[in-house]
Amino acid sequence: ILNVEQSPQSLHVQEGDSTNFTCSFPSSNFYALHWYRWETAKSPEALFVMTLNGDEKKKGRISATLNTKEGYSYLYIKGSQPEDSATYLCAFWGYSTLTFGKGTMLLVSP
Amino acid sequence: EAGVAQSPRYKIIEKRQSVAFWCNPISGHATLYWYQQILGQGPKLLIQFQNNGVVDDSQLPKDRFSAERLKGVDSTLKIQPAKLEDSAVYLCASSSDSYEQYFGPGTRLTVT
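This section reports on the structure supplied with the text. (Residues numbered from 1 in each chain as written. Chains lettered and ligands numbered in written order. Predicted model: local features only at pLDDT ≥ 70, side-chain atom pairs only at ≥ 80, totals over all residues. Heavy atoms only, no water.)

Here's the deal with the overall build of chain A
For step 1, the next point in the chain: The helix and strand inventory of chain A stands at zero helices and eleven strands.
For step 2, the next point in the chain: Going from N to C terminus, chain A has its helices and strands arranged as β-β-β-β-β-β-β-β-β-β-β.
For step 3, the next point in the chain: In summary, chain A has a C-alpha radius of gyration of 13 Å against a globular reference of 13 Å for 110 residues, a match within 12%.
For step 4, the next point in the chain: The buried share of chain A, taken over its 110 residues, is 50%.
For step 5, the next point in the chain: Intrachain contacts of chain A at a sequence separation of at least 6 include 53% that bridge at least 24 residues.
For step 6, the next point in the chain: As displayed, chain A offers around 5500 Å² of accessible surface, 48% of which is attributable to carbon and sulfur atoms.
For step 7, the next point in the chain: Between the centroid of the 9 positive side chains of chain A and the centroid of its 10 negative side chains there is a distance of 4 Å. (Helix = DSSP H or I, 4+ residues; strand = E, 2+ residues; numbered from the N terminus. Rg over C-alpha atoms; globule rule 2.2 N^0.38 Å. Buried < 20%, exposed > 50% of the residue type's maximum accessible area, 1.4 Å probe, protein only. Contact = heavy atoms within 4.5 Å. Areas by Shrake-Rupley, 256 points an atom, 1.4 Å probe, with all protein chains shown as cover. Lys, Arg positive; Asp, Glu negative; His and termini not counted. Charge placed at Lys NZ, Arg CZ, Asp CG, Glu CD.)

Now the structure itself:
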């Protein structure tokens, strides 16, 4: 069983705060690391697919970094807004399968 | 481009009853996945189809779960009989390559 860990489990911040989450995954047999945002009652939405060690990707106020040698990825949200409230899932693609973490539930209060 | 469609969105059944979920993937996507997401856990792959053939069903509880993908397009996932521990969100996803999977909104199943 592959171990994909996310922390924190949940987070409550105020509008305008910046925040970050961690995803740790096996450092061997790495193929790709995915980040998804999943709002209640909606489809999980792909944020980033990261494949190379040292990758940094950005989409608006959200960015992510990747370290495949030590097996971790960080997701950053700058200036959180209430519409950022969602569960953020990371998924490790390796050993021919996609393994998800349990997610970080973010709540942003106005 | 239309996304992955799933129905029903919500279902409540009693234990030992049967239930079926339907998924229509993005047009042209050869690979289709069914995931089970139990509250507090990450989505777990139940079965993966490539066109209408099964690629991986190692985590599908075959004594009660079955799935098919007729003609390599739509797919149905069935549970018969349901148990309390089957309460979960069932997600369908499709992809045209191994990299990116596109998810439907899921079916939330409650077994009482």
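Looking at the overall build of chain B
For step 1, the next point in the chain: Counting its regular elements, chain B contains zero helices and eleven strands.
For step 2, the next point in the chain: The linear arrangement of helices and strands in chain B, starting from the amino end, is β-β-β-β-β-β-β-β-β-β-β.
For step 3, the next point in the chain: For chain B, whose C-alpha radius of gyration is 13 Å, the value lies close to the compact-globule estimate of 13 Å for 112 residues.
For step 4, the next point in the chain: Relative to its full complement of 112 residues, chain B shows a buried share of 45%.
For step 5, the next point in the chain: When contacts within chain B are restricted to residue pairs at least 6 apart in sequence, long-range pairs at least 24 apart make up 51% of them.
For step 6, the next point in the chain: Here chain B has roughly 5600 Å² of accessible surface; of this, 48% comes from carbon and sulfur atoms.

Examining the pairing of strand E8 (residues 72–77) of chain A
Residues and elements named next belong to chain A.
For step 1, the next point in the chain: Side chains Ser73, Leu75 and Ile77 project from E8 onto a buried face, and the interleaved Tyr72, Tyr74 and Tyr76 project onto a face without burial.
For step 2, the next point in the chain: Two strands pair when backbone bridges link them, and strand E3 (residues 19–24) and E8 are joined in this way by six bridges, in the antiparallel orientation. In the sheet register, Phe21 faces E8, and the bridge partner there is Leu75. (Pairing = 2+ DSSP bridges.)

Some details on the sheet that holds strand E1 (residues 5–7) of chain B
Residues and elements named next belong to chain B.
For step 1, the next point in the chain: Pairing within the open sheet is antiparallel, and its four strands lie in the order E1-E3-E8-E7. Where the open sheet ends on each side, the last strands, each with one partner, are E1 and strand E7 (65–68). Across the sheet, the axes of successive neighbouring strands diverge by a mean angle of 15 degrees, strand direction being ignored.
For step 2, the next point in the chain: Sheet topology places E1 next to strand E3 (residues 19–24); three bridges connect them, and they run antiparallel. Counted as the bridge partner of Ser7 is Trp22 from E3. (Axes fitted to C-alpha atoms, helices over the stretch in contact; angles between N-to-C directions.)

Considering the interface of chain A and chain B
For step 1, the next point in the chain: Taken together, the contacts link 19 residues of chain A with 19 residues of chain B.
For step 2, the next point in the chain: Between chain A and chain B, the buried area comes to about 1500 Å², and carbon and sulfur atoms account for 62% of it.
For step 3, the next point in the chain: Looking at the side of chain A facing chain B, the largest losses of area belong to Trp38(A), Trp93(A) and Phe100(A), adding up to 29% of the total buried there.
For step 4, the next point in the chain: At the surface where chain A touches chain B, the tally comes to zero salt bridges.
For step 5, the next point in the chain: Where chain A touches chain B, the interface holds four residue pairs in polar contact (both at pLDDT 80 or more).
For step 6, the next point in the chain: Considering each element in turn, the side of chain A that touches chain B owes the most residues, five residues, to strand E4 (residues 30–38) of chain A.
For step 7, the next point in the chain: Of the residues assigned to the side of chain A that touches chain B, the class counts are twelve nonpolar, five polar and two charged. (Buried area = accessible area lost by both parts, 1.4 Å probe. Salt bridge = Lys/Arg side-chain N within 4 Å of Asp/Glu carboxyl O. Polar contact = N/O pair within 3.5 Å; in protein donor to acceptor, adjacent residues only side chain to side chain. Nonpolar A, V, L, I, M, F, W, Y, C, P; charged D, E, K, R; others polar.)

Some words on the environment of Trp38(A)
For step 1, the next point in the chain: Along the chain, the position of Trp38(A) falls in strand E4.
For step 2, the next point in the chain: As for Trp38(A) and Cys90(A), which are separated by 52 residues in sequence, their C-alpha atoms are 11 Å apart.
For step 3, the next point in the chain: Among residues more than four places away in sequence, those in contact with Trp38(A) are Ser43(A), Pro44(A), Ala86(A), Thr87(A), Leu89(A), Gln37(B), Val89(B) and Leu91(B).
For step 4, the next point in the chain: For Trp38(A), the side chain forms a polar contact with the main-chain oxygen of Lys42(A), separated by 2.7 Å.

Some remarks on the pattern of salt bridges
Residues and elements named next belong to chain A.
For step 1, the next point in the chain: Throughout the structure, instances matching the rule amount to six salt bridges over all chains.
For step 2, the next point in the chain: Between Arg37 and Glu45 there is a salt bridge; the shortest N-O distance is 3.0 Å.
For step 3, the next point in the chain: Of the residues examined, Glu45 reaches a relative accessible area of 30% and is grouped as partly exposed.
For step 4, the next point in the chain: A salt bridge links Lys42 to Glu39, with the shortest nitrogen-to-oxygen separation between them at 3.8 Å.

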